[in-house]
Amino acid sequence: KHGQRGTIYWVGKAIMGEDGSLTGQRKKGASYHGEWGDNKKEGYGVQVYPSGEKYEGQWSSGLRNGEGTFWAPVGKAKKLRKVYVGGWLNDKRHGRGTCFFKNGEFFQGLWDQGKMHGEGTLRYANGDMYVGDWHQGMRSGKGTLNKANGDCYEGYWLNDKREGSGSFFY
């Protein structure tokens, strides 16, 4: 497989027998349509997983790398819902991107190896909004939490908790 193709390749997972050896069969429901290089996904492509999840975007060496969009099925109808739009590196969210969480929250900002890291904004399901610095998926550094009821905290955070100097307005 090399270069752009108009064919869909079924890439289902190999099925193991009771003795631990491969049966030669594959689970159905997965597909990839896109470009190949050195027998790996390379360039632009669309992957549909057996779970119904879907990724559309850039690939490198068989991994999501570059810009792409990831969807997941929701509800009884299994309608696809956008989960993440943005940068990827080695199959993890990386760089600038927006993630839409199941509970209605969404994060827009920087990612590092799959975690919120750097500057970003998280809007919580209850209407609260945090704008500021993140470290390894937690609020850390300078940031502002605007609560839905009008209260506001401006100051420093460490490991998702208020730490150091800050001001609280209510």
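Residues numbered from 1 in each chain as written. Predicted model: local features only at pLDDT ≥ 70, side-chain atom pairs only at ≥ 80, totals over all residues. Heavy atoms only, no water.

**Quick notes on the overall build of the chain**
Item 1. Helices and strands together make up the secondary structure of the chain, namely zero helices and 15 strands.
Item 2. For the chain, the proportion of its 170 residues judged to be buried stands at 32%.
Item 3. Contacts in the chain between residues at least 24 apart in sequence constitute 10% of all its contacts with a sequence separation of at least 6. (Helix = DSSP H or I, 4+ residues; strand = E, 2+ residues; numbered from the N terminus. Buried < 20%, exposed > 50% of the residue type's maximum accessible area, 1.4 Å probe, protein only. Contact = heavy atoms within 4.5 Å.)

**Here's the deal with the pattern of salt bridges**
Item 1. All chains considered together, the criterion is met by three salt bridges.
Item 2. Between lysine 147 and aspartate 128 there is a salt bridge; the shortest N-O distance is 3.3 Å. Here lysine 147 is found in the loop between strand 13 (138–146) and strand 14 (152–158), whereas its partner aspartate 128 is found in the loop between strand 11 (115–123) and strand 12 (129–135), with 19 residues between them in sequence.
Item 3. You can call lysine 147 partly exposed: its relative accessible area is 30%.
Item 4. One salt bridge connects aspartate 160 with arginine 139, and the closest N-O pair in it is separated by 3.0 Å. Here the residue aspartate 160 occupies a position in the loop between strand 14 and strand 15 (161–169), and arginine 139 occupies one in strand 13, the gap between them amounting to 21 residues.
Item 5. For aspartate 160, a relative accessible area of 32% translates into the label partly exposed.
Item 6. The exposure class assigned to arginine 139 is buried, which follows from its relative accessible area of 12%. (Salt bridge = Lys/Arg side-chain N within 4 Å of Asp/Glu carboxyl O.)

**Observations regarding the packing of aromatic side chains**
Item 1. For the structure shown, the criterion picks out 14 aromatic pairs.
Item 2. Taken together, a centroid distance of 5.0 Å and an interplanar angle of 85° make the contact between tyrosine 32 and tryptophan 36 edge-to-face.
Item 3. Relative accessible area serves as the criterion here: at 7%, tryptophan 36 is assigned to the buried category.
Item 4. Ring centres 5.2 Å apart and planes at 90° place the aromatic pair tyrosine 130 and tryptophan 134 in the edge-to-face group. Of the two residues, tyrosine 130 and tryptophan 134, neither departs from the other in class, the shared state being buried.
Item 5. Sitting over the ring of tryptophan 71, lysine 54 keeps its end group 4.9 Å from the ring centre.
Item 6. Just above the ring of tryptophan 111 sits the side chain of arginine 93; from NZ or CZ to the centre is 5.3 Å. (Phe/Tyr/Trp six-rings, centres within 6.5 Å; stacked < 30°, edge-to-face > 60°. Lys NZ or Arg CZ within 6 Å of the ring centre and 35° of its normal.)

**A look at the confidence of the model for the chain**
Item 1. Of the residues in the chain, 84% have a pLDDT of 70 or more, and the chain-wide mean is 89.
Item 2. In this model, residues 6–10 is a region of pLDDT below 50 whose contacts with residues beyond four sequence positions or in other chains number 12 contacts. (pLDDT = per-residue confidence, 0-100.)

**Overview of the pairing of strand 4 (residues 31–37)**
Item 1. A large share of strand 4 lies buried, amounting to five of its seven residues.
Item 2. In terms of strand pairing, strand 4 meets strand 5 (residues 40–48) through six bridges, oriented antiparallel. Each bridged residue has a counterpart across the sheet, and for serine 31 the counterpart in strand 5 is valine 48. (Pairing = 2+ DSSP bridges.)

**Things to note about unusual backbone geometry**
Item 1. Phi at aspartate 38 is positive, roughly 55°, even though this residue is not glycine.
Item 2. Locating aspartate 38 in the fold gives a position in the loop between strand 4 and strand 5.
Item 3. Given the relative accessible area of 64%, aspartate 38 is considered exposed.
Item 4. Its identity as a non-glycine residue notwithstanding, serine 61 has a phi of 55°, on the positive side.

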